[in-house]
Amino acid sequence: MSDHEENRETDAHSGTETTGHEWDGIKELDTPLPRWWLYTFYACVVIGVVYMIFLPAIPALPGLSGSGSDHTRGLSNNSERANVAAAMLDLEASRAEGFERLRGTSIDAIEDDPDLLGFVRAAGDAAFGNYCSTCHGSGAQGFVGYPNLNDDVWLWGGSYDEIRTTIRFGIRSEHLDTHFSQMPAYGRDGLLTRSEIGDVADYVLSLSGQDRPADAVTRGGATYASQCVSCHMADATGDRTQGAPNLIDQDWLYGGTRDQIVATIYRGPYGVMPAWEGRLNDTTIDALAAYVYLLGGGEAAASSPTGQ
């Protein structure tokens, strides 16, 4: 008989026998579990055994079910992977007619067709949530370094066709037809001194009406004329053929404070957007392009300049 068994006694207050365990004057009572709890436990064991028999349950047992799988299949041969695949096929089939109507349709025709417009909004929203929201945000509001898609400010053009081209080929991606441009890292590569970069930042801020020191603006304007005009144009309205942003509209991709502008000039940002051709089918890209176009109102093809 163990020491604990020798120490068993009946508790004077509850009338329940103790287990013989005692700690700091507190004695453990040997209270039996409630019957309802025991019956529930036994029922769960039975349910678990039945589940193991009928449904996939035991992993890491190659060939146990005779199918060469790495888990038991169960008598029902149920597979959630197969169920999901079947559900995806059903979803694609239900969308097939809408995608077929979308193929080759102009944005004007989409906007004039309420049913197709509703389909584009739903399909585009789903695709955007799956593939684009990680960078652009669930509401397409963007973040520092990731464009806001609601504001109708476009680096590479805002017509339906231009947006579709951007989605298809990406920006500075590995696709041969990708949009490509590169802003020099003026500070990191030693092209300009820190004081020259600061002067250019002051000059750029002055273009959007901010009050900056006159002498710094003058010096920065001279540096801008020699270093920046070829991409951002003499009037600083940018060039969409190069993805060079407008510097006077107070819309800043990498931040609009003086420190953020200095950092942008210093390091020469190199944002990359993946090419979705080959990852998404053509009609999904069409739906995404239409969805993004409709977020900010987009631009008519005739009013989408290649350079300003």
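Structural data are supplied above this passage.
The notes below deal with the structure included here. Here the structure is a predicted model, which means the values were calculated and not measured.

Here's the deal with the overall build of the chain
And step 1. The helix and strand tally for the chain stands at 12 helices and two strands.
And step 2. Scanning the chain from its N terminus toward the C terminus, one meets helices and strands in the order α-β-β-α-α-α-α-α-α-α-α-α-α-α.
And step 3. By the compact-globule yardstick of 19 Å for 308 residues, the chain is too spread out, its C-alpha radius of gyration being 33 Å.
And step 4. Taken along its principal axes, the extent of the C-alpha atoms in the chain is 100 × 60 × 40 Å.
And step 5. Pairs at least 24 apart in sequence give 51% of the contacts found in the chain among residues at least 6 apart.
And step 6. Put simply, the chain shows about 18,500 Å² of open surface, and 55% of that area lies on carbon and sulfur atoms.
And step 7. If the 20 positive side-chain charges of the chain are averaged to one point and the 43 negative ones to another, these points end up 4 Å apart.

Concerning the layout of surface pockets
And step 1. Taken as a whole, the second largest pocket holds about 370 Å³ of empty space.
And step 2. At the level of secondary structure, the elements contributing two or more residues to the lining of the second largest pocket comprise helix H3 (80-102), helix H5 (114-131) and helix H12 (282-296).
And step 3. Top contributing element to the lining of the second largest pocket by residue count: H3, with six residues.
And step 4. Among the residues forming the lining of the second largest pocket, the class breakdown is nine nonpolar, four polar and two charged.

Considering the pattern of salt bridges
And step 1. Across all of its chains, the model carries 13 salt bridges by this definition.
And step 2. Between Glu-9 and Lys-27 there is a salt bridge, and its shortest N-O distance comes to 2.8 Å. In this pair, Glu-9 sits in the loop between helix H1 (3-6) and strand E1 (18-23) while Lys-27 sits in strand E2 (residues 26-29), placing the two residues 18 residues apart along the sequence.
And step 3. Relative accessible area serves as the criterion here: at 36%, Glu-9 is assigned to the partly exposed category.
And step 4. On the basis of relative accessible area, Lys-27 is assigned to the partly exposed category, the value being 36%.
And step 5. The partner of Arg-219 in a salt bridge is Asp-199, with the nearest N and O atoms 2.8 Å apart. Linking Arg-219 in helix H9 (residues 214-227) with Asp-199 in helix H8 (residues 194-207), this pair joins segments that are 20 residues apart in sequence.
And step 6. Classification of Asp-199 by relative accessible area gives buried; the value is 10%.

Concerning helix H7 (residues 160-169)
And step 1. Of all the 10 residues making up H7, seven are buried; the element is thus mostly covered by neighbouring parts of the structure.
And step 2. On the buried face of H7, the contacting elements are H3, helix H4 (107-112) and H12.
And step 3. Following H7 by one or two positions, Gly-170 has its phi on the positive side, about 80 degrees.

Digging into the pairing of E2
And step 1. Direction of pairing for E1 relative to E2: antiparallel, over a ladder of three bridges. Bridging from a neighbouring strand, Glu-22 pairs with Lys-27 of E2.
And step 2. The turn linking E1 back onto E2 is made up of two residues, and Asp-24 within it adopts a positive phi angle of 55 degrees.

Some thoughts on the state of the cysteines
And step 1. This structure, assessed with the given rule, holds zero disulfides.
And step 2. Of all cysteine sulfurs, the one in Cys-135 lies closest to Cys-132, which takes part in no disulfide; the gap is 8.6 Å.

Some remarks on the nonpolar core
And step 1. Formed by 29 residues in total, the largest nonpolar core has its most connected members in Leu-102, Ile-110, Phe-128 and Tyr-160.
And step 2. At the level of elements, H3, H4, H5, H7 and H12 are the ones that each hand at least two residues to this core.
And step 3. If one sorts the elements of this core by residue count, H12 sits on top with nine residues.
And step 4. Setting aside its immediate chain neighbours within four residues, Tyr-160 contacts Leu-102, Thr-105, Ile-107, Ile-110, Asp-286, Ala-289, Ala-290, Tyr-293 and Glu-299.
And step 5. Residues Val-200, Ala-201, Tyr-203 and Leu-205 belong to the second largest nonpolar core, which totals 16 residues.

Thresholds, definitions, all that
Residues numbered from 1 in each chain as written. Predicted model: local features only at pLDDT ≥ 70, side-chain atom pairs only at ≥ 80, totals over all residues. Heavy atoms only, no water. Helix = DSSP H or I, 4+ residues; strand = E, 2+ residues; numbered from the N terminus. Rg over C-alpha atoms; globule rule 2.2 N^0.38 Å. Contact = heavy atoms within 4.5 Å. Areas by Shrake-Rupley, 256 points an atom, 1.4 Å probe, with all protein chains shown as cover. Lys, Arg positive; Asp, Glu negative; His and termini not counted. Charge placed at Lys NZ, Arg CZ, Asp CG, Glu CD. 1 Å grid on protein atoms, 1.4 Å probe; cavity = no way out; pocket = protein on both sides within 12 Å on 5 of 7 lines; lining within 4 Å. Points joined across faces, edges and corners; volume = space filled by probe spheres on them. Nonpolar A, V, L, I, M, F, W, Y, C, P; charged D, E, K, R; others polar. Salt bridge = Lys/Arg side-chain N within 4 Å of Asp/Glu carboxyl O. Buried < 20%, exposed > 50% of the residue type's maximum accessible area, 1.4 Å probe, protein only. Pairing = 2+ DSSP bridges. Disulfide = S-S within 2.5 Å. Core = buried A, V, L, I, M, F, W, Y, C linked by side-chain atoms within 4.5 Å.

Worth remembering: the numbers are spatial, not functional.
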